[in-house]
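Chain by chain, the residues:
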Amino acid sequence: MKEFELDKIVNICKQSGFIFPGSELYGGLANTWDYGPLGIELKNNLKRLWWKTFVQERINSYGVDAAILMNPKVWEASGHVSSFEDPLMDCKKCKMRYRADNLINEITKGAVNADQMTEAEMEQYIKENNVKCPNCQSSDFTNIRQFNLMFKTNRGVTEDKSNTIYLRPETAQGEYVNFLNIQRTMRAKIPFGIGQIGKVFRNEVTPGNFIFRTIEFEQMEYQFFCKKGTDENYYEEFKKIGLEFIKSLGVEATKLRFKDHDKLAHYAKAAVDIEYLFPFGWGEINGTHNRTDFDLNNHANYSKKNQEYLDPETNEKYIPYVIESTYGVDRIILCLLCDSYYEEQLENGEIREVMKFHPAIAPYKVAILPLIKKVHSEKALEIYQSLSKTFSVIYDEAGSIGKRYRRNDAIGTPYAITIDDETIKDGLITVRNRDTMLQEKINLQDLESYLSNKIIR
Ligand code: GAP
């Protein structure tokens with residue numbers, strides 16, 4: 001069975017230890033979330049796979065970990081101070097605040113595309129069509145005001161305009177400002193790429209849908225520097241690379257689609273999203289953007305430092321174009337949770353809840369289960385010590401073996417091994433497969449290579 005509401009996933013996450021509401025002890029802070037023991041394993045596995053795919057395995061690819069707090073001029077140059085804005089309207093009656101484009105898109109269920117409208121057209125549409133406030137049903141809105149999404153803070157002890165700095169709203173700028181540092185130190189030749197994973201912050205007006213739209217989230221961003229003229233081919237290539245990466249995580253291909261942007265961000269010549277069909281509808285999880293030479297050109301102008309690349313073969317100097325391949329960590333986590341969750345009816349009528357995570361991203365790879373605690377736990381703990389050097393494993397000795405299988409199915413552990421008398425006497429263990437529920441006996445000494453073949457990607 002595959003029909004469920006998002007609330008189901010939210011509850012599972014909270015009950016099983018994937019994701020808890022942020023600062024819950026104090027009543028929470030809206031739209032912030034804390035990753036628990038299972039969530040952090042899942043997230044680390046995703047980030048590791050992304051890094052392996054984009055930085056480790058790609059030739060001419062380099063990593064960076066730039067500071068979150070950057071010189072505020074970076075955000076002037078990038079256009080975020082002037083253009084990273086949402087069109088807001090307030091309901092005059094109940095004072096609820098909305099994004100005008102979201103109001104139109106949601107009320108017309110996508111039949112009208114507000115992304116193609118100007119500010120004036122959106123105001124006119126809302127008035128003429130008597131669009132109602134989803135909270136109080138009144139149709140009396142203020143005019144649109146633009147609202148900048150960057151979080152501001154102050155550097156130093158005084159709070160005045162000259163001390164204002166920003167929490168970064170994207171990781172990309174940390175890659176651009178280090179373009180020449182990395183090119184020089186790694187003797188990199190164009191085309192080459194820079195990858196970065198890190199936290200970003202956006203003062204979203206209408207956050208929601210669990211971890212889909214939050215005010216603090218993580219991005220995995222890859223910037224590919226290439227020569228103008230080759231950019232359009234690379235753009236097509238990174239569209240495909242993006243889709244292949246998401247599919248390689250085990251996501252159901254029929255629930256993925258490309259969506260070209262109708263309204264381009266201030267930096268883009270072309271942009272396309274990969275969307276996943278969440279329980280609440282299609283939502284963006286990845287973007288491919290042709291950012292041209294917009295960012296590097298602006299950094300050259302604002303910093304007054306030349307950002308040109310010198311081609312060592314032709315002696316030609318130029319500012320490269322950038323193709324960006326960007327991934328929201330938390331949105332992909334939500335996609336993986338929704339995509340992996342199944343309820344299956346067993347022969348005895350019971351419902352089995354199972355997270356069919358790809359083994360490479362499953363929080364724990366193996367559950368180690370002594371059949372009888374008093375008799376088999378010593379051997380089981382010995383196996384735990386040995387396997388945990390290579391895999392994240394979970395040890396579970398509480399309750400019947402059937403209950404322990406179910407618990408591990410529900411958190412997505414792909415393999416469970418049972419330690420019994422045969423293990424102690426003949427070195428044989430039973431390996432149970434989460435998806436097929438079939439069991440096989442294997443020799444203890446073959447266990448690590450058996451698991452490596454199935455898990456490591
Ligand atoms: N550097 C380009 C950039 O930041 P974006 O489309 O604004 O582009 C990239 O964001 C990705 O970050 C999106 O594809 C999405 O997965 C994720 N993302 C954006 N806003 C988010 C939010 N408020 N909460 C969670 N993830 C978000």
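Each value, and the rule that gives it
Residues numbered from 1 in each chain as written. Predicted model: local features only at pLDDT ≥ 70, side-chain atom pairs only at ≥ 80, totals over all residues. Heavy atoms only, no water. Pairing = 2+ DSSP bridges. Helix = DSSP H or I, 4+ residues; strand = E, 2+ residues; numbered from the N terminus. Axes fitted to C-alpha atoms, helices over the stretch in contact; angles between N-to-C directions. Contact = heavy atoms within 4.5 Å. Near = heavy atom within 4 Å. Polar contact = N/O pair within 3.5 Å; in protein donor to acceptor, adjacent residues only side chain to side chain. Areas by Shrake-Rupley, 256 points an atom, 1.4 Å probe, with all protein chains shown as cover. Parallel < 35°, antiparallel > 145°, perpendicular 65-115°, else oblique. Left-handed = near helix turned anticlockwise from the far one by under 90°. Nonpolar A, V, L, I, M, F, W, Y, C, P; charged D, E, K, R; others polar. Core = buried A, V, L, I, M, F, W, Y, C linked by side-chain atoms within 4.5 Å. Buried < 20%, exposed > 50% of the residue type's maximum accessible area, 1.4 Å probe, protein only. Bend = angle between axes of the 7 residues up to and from the residue. Domains from an automatic or database assignment. Buried area = accessible area lost by both parts, 1.4 Å probe.

> Residues and numbers for the sheet that holds strand β20 (residues 393-395), please.
Strand order across the open sheet formed by five strands is β20-β19-β21-β22-β23, with mixed pairing between neighbours. With partners counted over all chains shown, the strands left at the sheet margins are β20 and β23 (439-443), one partner each. Neighbour to neighbour, the strand axes of the sheet diverge by 25° on average, direction disregarded. Both strand β19 (residues 366-370) and strand β21 (residues 415-419) contribute to a ladder of five bridges, which runs parallel. Bridging across to β21, Leu-369 finds its partner in Thr-418. Contacting β19, β20, β21, β22 (428-433) and β23, helix α13 (residues 401-410) crosses the sheet at an angle of about 170° to β19.

> With reference to specific residues and values, describe the sheet that holds strand β4 (residues 85-90).
Strand order across the open sheet formed by three strands is β5-β4-β6, with antiparallel pairing between neighbours. Of all strands in the sheet, those bounded by a partner on one side alone are β5 (97-99) and β6 (145-148). Across the sheet, the axes of successive neighbouring strands diverge by a mean angle of 45°, strand direction being ignored. Where β4 meets β6, four bridges bridge the pair, whose relative direction is antiparallel. If you follow Pro-87 over to β6, its bridge partner there is Gln-146. Lying on the sheet, helix α5 (residues 100-107) is in contact with β4 and β5; it crosses β5 at an angle near 75°.

> Give a detailed account of unusual backbone geometry, specifying residues and quantitative values.
Looking along the chain, the bond that leaves Ile-190 and enters Pro-191 is cis, with omega of 10°. Along the chain, Pro-191 turns up in the loop between α8 (179-185) and β9 (192-201). A positive phi angle is found at Asn-130, which is not glycine, with a value near 55°. Inspection of the secondary structure assignment puts Asn-130 in the loop between α6 (119-128) and β6.

> Residues and numbers for the site of the ligand, please.
Around the ligand sit 20 residues, and of these Glu-170, Glu-204, Glu-221, Glu-284 and Glu-324 come closest. Glu-170 is positioned such that a nitrogen or oxygen atom in its side chain is 2.6 Å from a nitrogen atom of the ligand. A distance of 3.4 Å separates a nitrogen atom of the ligand from a polar side-chain atom of Arg-291. Within the complex, 94% of the 560 Å² of free accessible area of the ligand lies under protein.

> Outline the packing of helix α2 (residues 37-56) against helix α11 (residues 329-340), listing residues and values.
It is at 10 Å that the axes of α2 and α11 come closest, and there the two elements cross at 115°. In terms of axis orientation, α2 runs roughly perpendicular to α11. Of the two possible hands of crossing, α2 and α11 adopt the one that is right-handed. Contact with α2, carried on its side by Leu-42, Lys-43, Leu-46 and Lys-47, involves Val-329, Asp-330, Ile-332, Ile-333 and Leu-337 of α11 and no other residues of that element. The residue makeup of the contact of α2 with α11, split by class, is six nonpolar, no polar and three charged.

> Explain the nonpolar core residue by residue, including any values.
By size, the foremost hydrophobic cluster in this structure holds 58 residues, and its most contacted members are Ile-9 and Leu-337. Here this core takes eight residues from α11, the largest share from any one element. Setting aside residues no more than four positions away along its own chain, Ile-9 makes contact with Phe-4, Phe-210, Leu-334, Leu-337, Cys-338, Tyr-341 and Met-355.

> Break down helix α12 (residues 373-387) for me, citing the residues and quoting the values.
Considering bend angle alone, the principal kink of α12 is centred on Lys-379 and spans about 25°. Buried positions along α12 lie against β19, β20, β21, α14 (421-426) and α15 (447-455).

> I'd like a rundown of the domain arrangement of the chain, residues and numbers included.
With domains assigned, the chain is organised as domain 1 (6-79 + 150-336), domain 2 (85-148) and domain 3 (364-455). Just the C-alpha atoms count here: the centres of domain 1 and domain 2 sit 28 Å apart. Contact with domain 1, which involves eight residues of that partner, is made by 14 residues of domain 2. Summing both sides of the interface, domain 1 and domain 2 together bury roughly 840 Å²; the carbon and sulfur share of this comes to 45%. Of all residues in domain 1, the largest losses of buried area upon contact with domain 2 belong to Val-205, Asp-262 and Lys-263, amounting jointly to 57% of the total for that side. Class assignment of the residues belonging to the side of domain 1 that touches domain 2 gives a composition of two nonpolar, two polar and four charged.

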